[in-house]
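A look at the structure
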Amino acid sequence: MMASSSSSDLDRLAAEIRACRICALQPIGPALPHDPRPVLRVSTTARLLIASQAPGLRVHKSGLPFDDASGDRLRSWLQMDRETFYDTRRVCIAPMGFCFPGYDAAGGDLPPRRECAARWHDRLFALMPQVDVVLAIGGYAHRYHFARLGQPLPKSARVDEIVRRWRDFEHAKPRLFPLPHPSWRNTGWLKRNPWFETELLPDLRAAVASALSPSQLSSA
């Protein structure tokens, strides 16, 4: 009965988030430049949480997170097929900003909207205590999730620095993996840092495989 109640609570909150229009109607700073379309996939059974940045334009149109080249690279990092990746019984995907934030003057994606974390995030993750592994992707996700889980980062900490320290967090509960964004913009960084593929990714894949194991799902 408790699990059912928790699932119902999460379903209600997820429905509220998907109906959210705060960044258009009560924004912090400039309003969202297009209609909101919050994107998230959550459940009370998934042991793996992909804590990303914010949807891009393609995801805004499709409503499916990581339905783009960044998603292809992320699935390659995880050695995970699309069917598993989009199985919400096993994998949750919750970005720091639920809506595509728009573009800056240079044509790059704007940062995740601040309204989302302030209004929704603490309540959302409190309803998913079953998560064993958190993949925090990019600086905004690093700062929020490390602080949420009792390991606040220095304000001056850069993404590169935190990712290099991934072994420092191996005993955290849940296990925290700080990752760079799988965008093509980081291709140069990945080439300059071969340890990411040869050292971090095997560790990441082992933790993900454990979180996705059938025994973990059946015990949820």
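The notes below deal with the structure included here.

Considerations on the sheet that holds strand β2 (residues 91-93)
- The four strands lie next to each other as β2-β1-β3-β4, forming an open sheet whose pairing is parallel. The open sheet terminates on both sides in strands that have one partner only, identified here as β2 and β4 (175-179). With direction set aside, neighbouring strand axes in the sheet form an average angle of 15°.
- Bridging between strand β1 (residues 48-51) and β2 involves three bridges; their strand directions are parallel. The residue of β2 that forms the bridge with Leu48 is Val91.
- Packed onto the sheet, helix α10 (residues 195-211) meets β1, β3 (133-137) and β4 and runs at close to 140° relative to β4.

Observations regarding the pattern of salt bridges
- One pass over the structure, following the stated rule, counts eleven salt bridges.
- Arg12 is the salt-bridge partner of Asp9, the closest N and O atoms lying 2.4 Å from each other. Here Asp9 and its partner Arg12 are both found in helix α1 (residues 2-18), three residues apart, which amounts to about one turn of the helix.
- Asp160 is paired through a salt bridge with Arg164; the nearest N and O atoms lie 2.9 Å apart. Here the residue Asp160 and the residue Arg164 both occupy positions in helix α8 (residues 159-164), the gap between them amounting to four residues, near one helical turn.

Considering the packing of aromatic side chains
- Inspection of the entire model under this criterion finds ten aromatic pairs.
- Here Phe125 and Tyr144 contribute two aromatic rings whose centre-to-centre distance is 6.0 Å and whose plane-to-plane angle is 45°, an arrangement assigned as tilted. Of this pair, Phe125 sits in helix α6 (residues 114-126) while Tyr144 sits in helix α7 (residues 139-148), and the two are 19 residues apart along the sequence. In this structure, Phe125 and Tyr144 share a single accessibility class: buried.
- Measuring from ring centre to ring centre gives 4.6 Å for Phe146 and Phe169, while their planes differ by 75°; the resulting arrangement is edge-to-face. Here Phe169 lies in the loop between α8 and β4 and Phe146 lies in helix α7, a separation of 23 residues in the sequence. There is no split in this pair, since Phe146 and Phe169 are both buried.
- Members of the aromatic cluster, joined through ring pairs, are Trp77, Trp166, Trp189, Trp195 and Phe196.
- Here the guanidinium or amino end of Arg119 rests over the ring plane of Trp120, the centre of that ring lying 5.2 Å away.
- A cation over an aromatic ring shows up here: Arg143 above the ring of Tyr140, its NZ or CZ 5.2 Å from the ring centre.

Observations concerning the environment of Ala206
- Mapped onto the secondary structure, Ala206 falls in helix α10.
- Residue classification places Ala206 among the partly exposed residues on the basis of a relative accessible area of 49%.
- When the C-alpha positions of Ala206 and Pro129 are compared, they lie 21 Å apart, and in sequence the two are 77 residues distant.

What counts, and where the lines are drawn
- Residues numbered from 1 in each chain as written.
- Predicted model: local features only at pLDDT ≥ 70, side-chain atom pairs only at ≥ 80, totals over all residues.
- Heavy atoms only, no water.
- Pairing = 2+ DSSP bridges.
- Helix = DSSP H or I, 4+ residues; strand = E, 2+ residues; numbered from the N terminus.
- Axes fitted to C-alpha atoms, helices over the stretch in contact; angles between N-to-C directions.
- Contact = heavy atoms within 4.5 Å.
- Salt bridge = Lys/Arg side-chain N within 4 Å of Asp/Glu carboxyl O.
- Phe/Tyr/Trp six-rings, centres within 6.5 Å; stacked < 30°, edge-to-face > 60°.
- Buried < 20%, exposed > 50% of the residue type's maximum accessible area, 1.4 Å probe, protein only.
- Lys NZ or Arg CZ within 6 Å of the ring centre and 35° of its normal.

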